[in-house]
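Secondary and tertiary structure notes
Letter by letter, the chains look like this.
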Amino acid sequence: MSIHSVECNVGTNPITIETGKMARLADGAVVVRSGDTVVLVTVVSATKVKEGQTFFPLSVEYKEKAAAAGMFPGGYFKREGRPTEKEILTCRMTDRPLRPMFPKGYFYDTQVITLLLSADGENEPDILSINGASAACVVSDLPFAEPVGAVRVGRIDGQFVINPTNSQREHSQLDLVFAGTKDQVIMIEGSANELPEEDFIAALRVAQENVKVICEKQEELRAVCGKEKRAYELCLAKPELLEIGYEIAGDRIEEAIYALSKVERQKKVGALRDEVEAAIKERHPEATDFDVEQVFEYIQKKAFRISIMEKDKRADGRALKQLRPLTAEVNVLPPVVHGSAMFARGETMSLCLATLAPMEERQYMDNYTGSVNEKRFILHYNFPPFSVGDTGRFGGQNRREIGHGALAERSIAPVVPGEQEFPYAIRVSSEIMESNGSTSMASVCAGTMSLLAAGVPLKRPVAGISVGLVTEQND
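Values in this document were obtained by computation on a predicted structure and should not be read as measured data.

**What about helix H10 (residues 439-453)?**
Taking 1.5 Å per residue, 15 residues should reach 21 Å; H10 reaches 20 Å between its end C-alpha atoms and fits that length. Looking one or two places after H10, you find Gly 455, whose phi comes out positive at around 90°.

As structure tokens, this is what we get:
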């Protein structure tokens, strides 16, 4: 048994990454420890692409074991059950920085699994999961571009604290999770208690410095025990088919994507795609639907990027910093609903319903890691298929709905009055009526208004917006 480890001296407690001891049949496996919190992270990727596969099937799972905290699971069966909200959010947080590190066109079924083996109640396992997932990929034979590091940043008594313990987080003005490579930002997630902008920017710089250390340690681990990278094939648009696509759609794709409404844009783009498909299959009968999709997606993305980079013009004809029309309305429902509000930005619309209840209605949660086990302010987000003009599964929340709800909830929570000032449990339900981008931020706006309409004395209104970045070489 050949065991190798590295120690990352960042934050309140060092992070140790060890490989070669457990789960040795996985393509990559590491044990990550901080304090007495320990997680096992594994990665396995198939060696063949499933027939008909048209996307990168990466799945990330995170599971907390009750035994990790010396407890029995709650409930009748005394066995860990369906994923909790915290487990789902940790899955999403681990997934996002990993996904861009795999090459475009890599369609091999890939699974990352994190198991919480020990929880000391102070050191949160989510940061360990992200770093462990990256390290497992780095030492494996998978085509993983470069190491990813992650840290949590708090601000206590005016000082930044890297990876604060749960006790310290209770006094922190900032809860920022930052993931990146040695010199690039990949993911920023968190919340702040009305932190000034200059302090937030400073927090990003501090985070990047510590992330660099973690990435360098993963490189050290790879140097001593990393596997030789496997051979693989990428599923990319074929050059001969791209030529046909440009011939048919090249000078007309911009007109289609500039259509003002989403429905009109989809119709024009769809009609153009059908023309491209017919031309390709006429000249290359062996071409598959996937081949056509790859060609058209490439042409469409290229047109989007050229339009933005060279013409300062976006898909619906807007300038780069131009907002869509904003509309807002409160008390849109009868007063039996405690508070209601609607917020729309172009073709994105959220209808929020606020409800007040006695404190006994607060939510209680199983807690193995020492983080919050009850909350009196809840925001639930629901995304029905009609919001995008589709049919589909209805009922039950998927990971996206859980994640978007948590994002909006964390945005509003800092301005909700304390229990002494306003002794009520509070629930906001965001029902997405239309979706054409950033419904989570629409939920923040509509949620704020619904709370004010219900008489909740918020400290200040909160608004949300989403921002994208497009780069081309040095531009």
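**Notes on the sheet that holds strand E11 (residues 326-330)**
Spatially, five strands are ordered E11-E12-E13-E17-E16 in an open sheet, and the strand pairing comes out mixed. Edge positions in the open sheet fall to E11 and strand E16 (377-382), since each of these has one partner strand only. When the angles between neighbouring strand axes are averaged without regard to direction, this sheet yields 15°. Bridge analysis of strand E13 (residues 348-357) against strand E17 (residues 425-434) gives nine bridges, and the strand direction is antiparallel. Bridged to Ser 350 within E17 is Ile 432. Sheet contacts for H10: E11, strand E12 (339-345), E13, E16 and E17; angle to E12, the most-contacted strand, approximately 150°.

**Observations regarding the layout of surface pockets**
Considering only enclosed or pocket space, the second largest pocket measures out at about 970 Å³ in volume. For the second largest pocket, the lining is made up of 24 residues, of which Arg 314, Arg 318, Leu 320, Ser 466 and Gly 468 are closest to its centre. In terms of residues, the lining of the second largest pocket owes the most to one element, helix H8 (residues 289-311), which gives four residues. In terms of residue class, the lining of the second largest pocket is made up of 10 nonpolar, six polar and eight charged.

**Section: the side chain of Glu 87**
Along the chain, Glu 87 turns up in helix H1 (residues 85-98). Residue Glu 87 is classed as buried on the basis of its relative accessible area, which comes to 3%. Within the structure, the side chain of Glu 87 is placed 2.7 Å from the backbone nitrogen of Glu 64, a separation counted as a polar contact. Among residues more than four places away in sequence, those in contact with Glu 87 are Tyr 62, Lys 63, Glu 64 and Arg 82.

**Some thoughts on empty space enclosed by the protein**
In this approach, a probe sized like a water molecule rolls over the atoms, and the result shows the empty space that is left. According to the stated counting rule, one finds one cavity of 30 Å³ or more in the structure shown. If you go around the largest cavity, the residues you meet are Ile 15, Ser 34, Asn 123, Glu 124, Ile 127, Leu 128, Arg 152, Asn 163 and Pro 164. Here the lining of the largest cavity is composed, by residue class, of four nonpolar, three polar and two charged.

**Concerning unusual backbone geometry**
Even without a glycine there, the phi angle at Lys 78 is positive, about 55°. Counting through the fold element by element, Lys 78 comes out in the loop between strand E5 (58-64) and H1. In this structure, Asp 157 is a non-glycine residue whose phi angle is positive, near 55°. Here Asp 157 is to be found in the loop between strand E7 (149-156) and strand E8 (159-162).

**Examining the packing of H1 against helix H9 (residues 399-412)**
Two elements in contact, H1 and H9, have axes whose closest approach is 10 Å; the angle formed by their N-to-C orientations is 95°. Between H1 and H9, the angle falls in the class roughly perpendicular. Across the interface between the two elements, Glu 85, Ile 88, Leu 89, Cys 91 and Arg 92 from H1 touch Arg 399, Arg 400, Ile 402, Gly 403, His 404 and Ala 406 from H9. Grouping the constituent residues of the contact of H1 with H9 by class yields five nonpolar, two polar and four charged.

**Here we look at the packing of aromatic side chains**
Tallied over the entire structure, the rule returns 10 aromatic pairs. Summarising the aromatic geometry, the rings of Tyr 106 and Tyr 232 are spaced 5.7 Å apart at their centres and angled 80° between planes, so their arrangement reads as edge-to-face. Of this pair, Tyr 106 sits in the loop between H1 and strand E6 (110-118) while Tyr 232 sits in the loop between helix H4 (197-225) and helix H5 (239-249); the two residues are 126 residues apart in sequence, bridging distant segments of the chain. Residue Tyr 106 is classed as buried on the basis of its relative accessible area, which comes to 0%.

**Quick look at a nonpolar patch on the surface**
Taken together, the side chains of Leu 323, Leu 326, Ile 465 and Val 467 define a hydrophobic patch exposed on the protein surface, amounting to about 420 Å² of accessible area. Locating Leu 326 in the fold gives a position in strand E11. The exposure class of Leu 326 is partly exposed, given its relative accessible area of 48%.

**Examining the sheet that holds strand E3 (residues 28-34)**
Reading across from one edge, E1-E2-E3-E4-E6-E5 is the order of the six strands in this open sheet, with mixed pairing throughout. Each end of this open sheet is capped by a strand with a single partner; those strands are strand E1 (4-8) and E5. The sheet shows a mean angle of 15° between the axes of neighbouring strands, taken without regard to direction. Running at roughly 140° to E5, H1 makes contact with E5 and E6 of the sheet.

**So, the packing of helix H2 (residues 125-139) against H4**
Relative orientation of the contacting elements H2 and H4 amounts to 30°, with a least axis distance of 9 Å. With respect to each other, H2 and H4 are oriented roughly parallel. Every pair of crossing elements has a handedness; the one defined by H2 and H4 is right-handed. Every residue of H4 that contacts H2 at Asn 131, Ser 134, Ala 135, Val 138 and Val 139 is listed here: Ile 214, Gln 218, Leu 221, Arg 222 and Cys 225. Per-class residue counts for the contact of H2 with H4 are six nonpolar, three polar and one charged.

Rules and cut-offs
Residues numbered from 1 in each chain as written. Predicted model: local features only at pLDDT ≥ 70, side-chain atom pairs only at ≥ 80, totals over all residues. Heavy atoms only, no water. Helix = DSSP H or I, 4+ residues; strand = E, 2+ residues; numbered from the N terminus. Expected span 1.5 Å × (residues − 1). Pairing = 2+ DSSP bridges. Axes fitted to C-alpha atoms, helices over the stretch in contact; angles between N-to-C directions. Contact = heavy atoms within 4.5 Å. 1 Å grid on protein atoms, 1.4 Å probe; cavity = no way out; pocket = protein on both sides within 12 Å on 5 of 7 lines; lining within 4 Å. Points joined across faces, edges and corners; volume = space filled by probe spheres on them. Nonpolar A, V, L, I, M, F, W, Y, C, P; charged D, E, K, R; others polar. Buried < 20%, exposed > 50% of the residue type's maximum accessible area, 1.4 Å probe, protein only. Polar contact = N/O pair within 3.5 Å; in protein donor to acceptor, adjacent residues only side chain to side chain. Parallel < 35°, antiparallel > 145°, perpendicular 65-115°, else oblique. Phe/Tyr/Trp six-rings, centres within 6.5 Å; stacked < 30°, edge-to-face > 60°. Patch = residues over 30% accessible without salt bridge, like charges linked within 9 Å, V, L, I, M, F, W, Y side chains within 5 Å. Areas by Shrake-Rupley, 256 points an atom, 1.4 Å probe, with all protein chains shown as cover. Salt bridge = Lys/Arg side-chain N within 4 Å of Asp/Glu carboxyl O. Left-handed = near helix turned anticlockwise from the far one by under 90°.

Limitation: the analysis is restricted to geometry and does not speak to function.
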